[in-house]
Amino acid sequence: MPSFLLRRALSSVIVIFCVISITFVLARITKGGPFDREKEPPPHIKEALLTRYKLNGTLWEQYSAYVGSLMRFDLGLSTRYRDWRVSELLQQKMPNSFALGGLALVIASCAGVGLGSLAAMKKDTWVDRSAMLCALMSISVPSFVSGPVLIAVFALWLGWLPVGGWGTARQMILPAVCLAAPYVAYIARLMRNSLLDVMKSDFLRTARAKGLSETQAVVKHAVKVAILPVVTFLGPLAAHLLTGSMIVESVFNISGAGMIFVNSIQNRDVFLLGGAVIVYCVLLVLFNLLVDVIYTLLDKRIRLYA
Amino acid sequence: MPDAAAPARIPRPDGWQILKRNRAAMFALRFLVVLACVAIVVPMLLPAALKVTSSESFMPPSARHLLGSDVNGQDMLYRVLSGARVSLGVGFMGAVISLFIGTLYGMISGYAGGRVDAFMMRTVEVLQSVPRILFIMILIAALDDYVKEWVDGWRLAAQAENWNHAASLMSDLQAYSKVLVMIVSLGLVEWLVMARIVRGQVLVLRELTFVTASKAMGQGSWGVLRRHLLPNLSTIILTYLTLTIPAVILDESFLSFLGLGIEDPAASWGSLLKDGAQVINPLESKWWLLVFPALLMAASLLALNFLGDGLRDAFDPKSGE
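1. A few points about the overall build of chain B
Per the secondary structure count, chain B includes 13 helices and zero strands. Moving toward the C terminus, one meets the helices and strands of chain B in the order α-α-α-α-α-α-α-α-α-α-α-α-α. When the backbone C-alpha atoms are referred to their principal axes, chain B occupies close to 75 × 55 × 40 Å. Contacts spanning at least 24 positions in sequence make up 73% of the contacts within chain B whose residues lie at least 6 apart. By element, 66% of the accessible surface of chain B is carried by carbon and sulfur atoms, the whole surface being about 15500 Å². Charged side chains in chain B number 26 positive and 25 negative. The centres of these two groups are separated by 10 Å.

2. Thoughts on the overall build of chain A
Looking only at helices and strands, one finds 13 helices and zero strands in chain A. Taken from N to C terminus, the helices and strands of chain A fall in the order α-α-α-α-α-α-α-α-α-α-α-α-α. Here chain A, with 306 residues, has 46% of them falling under the buried criterion. Looking at chain A alone, contacts between residues at least 24 apart form 72% of all its contacts between residues at least 6 apart.

3. Topic: the packing of aromatic side chains
Residue and element names in this part refer to chain A. Inspection of the entire model under this criterion finds 12 aromatic pairs over all chains. Consider the rings of Phe 24 and Tyr 63, whose centres lie 6.0 Å apart with planes at 50°: the pair is tilted. Pair noted here: Phe 24 is in helix H1 (residues 2–29) and Tyr 63 is in helix H3 (residues 59–71), with a separation of 39 residues, a long-range link. With relative accessibility at 2%, the residue Phe 24 sits in the buried group. When its relative accessible area of 12% is taken as the criterion, Tyr 63 is described as buried. Among the aromatic residues, those joined into a ring-pair cluster are Phe 24, Trp 60, Tyr 63, Tyr 66 and Phe 271.

4. Thoughts on the interface of chain A and chain B
At the interface, 38 residues of chain A touch 33 residues of chain B. Counting the surface lost from both chain A and chain B, the interface buries some 3100 Å², and carbon and sulfur atoms represent 77% of this. For the chain A face of the interface with chain B, the top three residues by lost area are Lys 31, Ser 140 and Phe 144 of chain A, together amounting to 20%. The tally of links between chain A and chain B comes to one salt bridge. Among the ionic pairs, Asp 309 of chain B bridges to Arg 189 of chain A, the shortest N-O distance being 2.9 Å. Joining chain A to chain B, the criterion identifies three residue pairs in polar contact (both at pLDDT 80 or more). Elements with a minimum of two residues in the side of chain A that touches chain B: H1, helix H5 (126–140), helix H6 (143–157), helix H7 (169–199), helix H11 (246–251), helix H12 (258–266) and helix H13 (270–298) of chain A.

5. What about the nonpolar core?
Counting residues in hydrophobic clusters, the biggest one holds 124 residues, and the most contacted among them are Leu 134 and Met 137 of chain B. If you tally residues by element for this core, the top one is helix H11 (residues 221–257) of chain B, at 16 residues. Residue contributions to this core reach at least three from each of two domains, namely domain 1 (2–71) and domain 2 (94–298) of chain A. Met 137 of chain B has contacts with Met 246, Phe 261, Val 262 and Ile 265 of chain A together with Leu 255 and Leu 260 of chain B, leaving out every residue within four places of it along the chain. Grouped together as the second largest cluster of nonpolar side chains are 41 residues, Ala 222, Val 230, Ala 238 and Leu 241 of chain A included.

6. Topic: the environment of Phe 135 of chain B
Looking at the element boundaries, Phe 135 of chain B is found in helix H6 (residues 132–160). Between the C-alpha atom of Phe 135 of chain B and that of Val 189 of chain B, which follows or precedes it by 54 residues, the distance is 7.3 Å. Not counting residues up to four positions away in its chain, the partners in contact with Phe 135 of chain B are Ile 22 and Leu 26 of chain A together with Leu 127, Val 130 and Val 189 of chain B.

7. A word on the domain arrangement of chain A
Residues and elements named next belong to chain A. By the assigned domains, chain A splits into domain 1 (2–71) and domain 2 (94–298). Taken over C-alpha atoms, the centre of domain 1 sits 33 Å from the centre of domain 2. Of all residues in domain 1, Arg 8, Ile 16 and Tyr 66 give up the largest surface area on contact with domain 2, accounting jointly for 30% of the area buried on that side. In this structure, the connection of domain 1 to domain 2 is made through zero salt bridges.

8. Section: unusual backbone geometry
Residues and elements named next belong to chain A. The phi dihedral of Asn 253 is positive, around 55°, even though this residue is not glycine. Secondary-structure assignment places Asn 253 in the loop between H11 and H12. Backbone geometry places Arg 268, a non-glycine residue, at a positive phi of 55°. Structurally, Arg 268 is set in the loop between H12 and H13.

Calculation criteria
- Residues numbered from 1 in each chain as written.
- Chains lettered and ligands numbered in written order.
- Predicted model: local features only at pLDDT ≥ 70, side-chain atom pairs only at ≥ 80, totals over all residues.
- Heavy atoms only, no water.
- Helix = DSSP H or I, 4+ residues; strand = E, 2+ residues; numbered from the N terminus.
- Contact = heavy atoms within 4.5 Å.
- Areas by Shrake-Rupley, 256 points an atom, 1.4 Å probe, with all protein chains shown as cover.
- Lys, Arg positive; Asp, Glu negative; His and termini not counted.
- Charge placed at Lys NZ, Arg CZ, Asp CG, Glu CD.
- Buried < 20%, exposed > 50% of the residue type's maximum accessible area, 1.4 Å probe, protein only.
- Phe/Tyr/Trp six-rings, centres within 6.5 Å; stacked < 30°, edge-to-face > 60°.
- Buried area = accessible area lost by both parts, 1.4 Å probe.
- Salt bridge = Lys/Arg side-chain N within 4 Å of Asp/Glu carboxyl O.
- Polar contact = N/O pair within 3.5 Å; in protein donor to acceptor, adjacent residues only side chain to side chain.
- Core = buried A, V, L, I, M, F, W, Y, C linked by side-chain atoms within 4.5 Å.
- Domains from an automatic or database assignment.

As structure tokens, this is what we get:
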């Protein structure tokens with residue numbers, strides 16, 4: 001286990017490093033600099049700004065300066081929001097996205113596993129078919145369509161939930177459901193297929209033979225194994241959801257991290273972009289590691305090896 | 001001699017028969033064919049007056065404007081159908097580009113094996129950990145100015161040579177240059193899944209006897225890949241092409257909705273929904289601006305997903321998701 005963790009940590013650092021490098025280089029070779037505005041600043045001022053942010057010189061010099069500051073755990077300054085550190089901006093925006101994404105993750109995994117198991121146990125009945133039709137529909141409807149529909153139905157028409165705002169639990173429900181909807185569907189499909197496979201296996205026949213009802217057999221024995229592919233899917237999904245959704249945040253007017261991605265690219269705010277990408281990658285690596293550990297807990301046959 | 005041998009195929013239950021019995025998938029296929037024909041033909045038949053901007057802005061659906069009109073007085077039927085052209089076109093072309101890259105990459109990786117395979121798959125893993133939509137946005141930002149300049153360069157060159165047709169074609173193309181950028185950017189990013197699937201298949205196929213046999217008969221690597229592996233991969237490729245198209249359409253519409261994608265005068269479902277969402281207010285609902293593009297888009301994506309699922313059940317029954 002320790003050697004496994006060590007190797008994983010090392011390869012994760014390499015992955016994060018590669019992703020950061022690709023992002024930085026692409027962002028810098030893109031036309032238009034962080035200080036280009038409609039009204040062009042005088043050249044000497046632009047030059048001074050670029051020097052201050054260490055963005056002049058060759059691409060290699062800029063890149064090594066950036067990597068150097070990252071080595072000192074310094075994410076740098078935002079070029080757009082002057083006098084703000086990238087870490088401060090992220091600290092300000094991330095909690096909202098964490099709350100929204102965390103709630104969506106819980107909804108997606110609970111509803112997905114439940115719906116998928118139900119569909120598998122009632123295979124080829126109307127329950128199965130309608131559950132899978134719903135799943136395909138929620139994959140096919142983009143969140144910028146489902147969001148306004150949810151608002152119109154549950155807030156304006158039925159009046160159960162507030163139309164907008166952010167902070168209270170009631171205000172979080174609609175955006176979280178909207179964000180979770182397609183992933184409920186992915187997880188339900190994944191869970192259904194995997195459970196159907198497991199239900200054919202020998203150990204489940206044994207469970208039935210010793211007198212367990214079908215429901216008991218599935219709940220006690222099959223779900224524990226069938227959930228493994230879902231757990232794998234949850235790793236990257238957690239990183240994706242927790243770092244914010246551009247669409248859901250813009251539809252529900254939430255100030256979260258998703259808009260950081262869009263705005264920092266539009267503003268050529270390369271350090272802010274880099275910081276957001278680092279957060280994403282670190283979360284991704286951590287959750288994938290967590291997935292591997294959960295795997296060994298769920299299935300004793302799997303041994304972690306490096 | 002080896003060239004004379006017909007490419008060997010693995011016997012399997014006929015997937016096309018399975019697909020034909022899948023009523024939902026066949027209905028989806030018919031819907032998509034009809035939609036594509038309507039989107040191509042109907043905008044050509046509409047009277048020219050409906051296609052241009054006019055003073056009749058925000059007209060609700062009526063006999064003159066079947067689906068209403070938008071802020072610039074353009075007919076929504078025309079806008080929605082030309083949006084369908086762009087959305088479906090970008091989806092298809094983007095998926096085809098990703099299919100080419102993914103298939104080639106997966107075939108080389110799987111067939112080469114060993115260290116080359118390990119390195120190529122590690123690279124795919126690294127790329128998969130970049131947020132996909134972010135990568136597309138960076139690519140669009142990077143490519144957009146270059147493509148605009150490039151098209152403009154050709155236009156000026158054509159003008160200098162007095163090729164009026166070419167020059168007017170280029171100035172038309174300028175308005176649609178963003179579509180080109182979107183296709184390339186989406187295609188360059190979406191190939192990762194395809195590469196993994198193809199590699200997995202090649203790993204299985206290359207161990208089979210007919211591959212060993214054709215290698216023993218002296219066929220080179222490219223020959224084996226092209227003549228023996230590709231035919232056996234074709235249905236898997238078709239399946240994942242069908243499943244990639246809705247993913248590309250969805251990504252395109254996200255970007256257009258955020259204002260980073262398709263720009264006027266071109267339209268896509270995403271950009272139409274963005275325009276509709278901008279003028280919505282609780283007092284006076286201009287529902288026709290949102291309902292029609294949203295319905296058509298959801299129906300098309302549903303149909304594509306149904307068809308893709310049907311193809312997967314028919315040709316790749318073992319893969320769960």
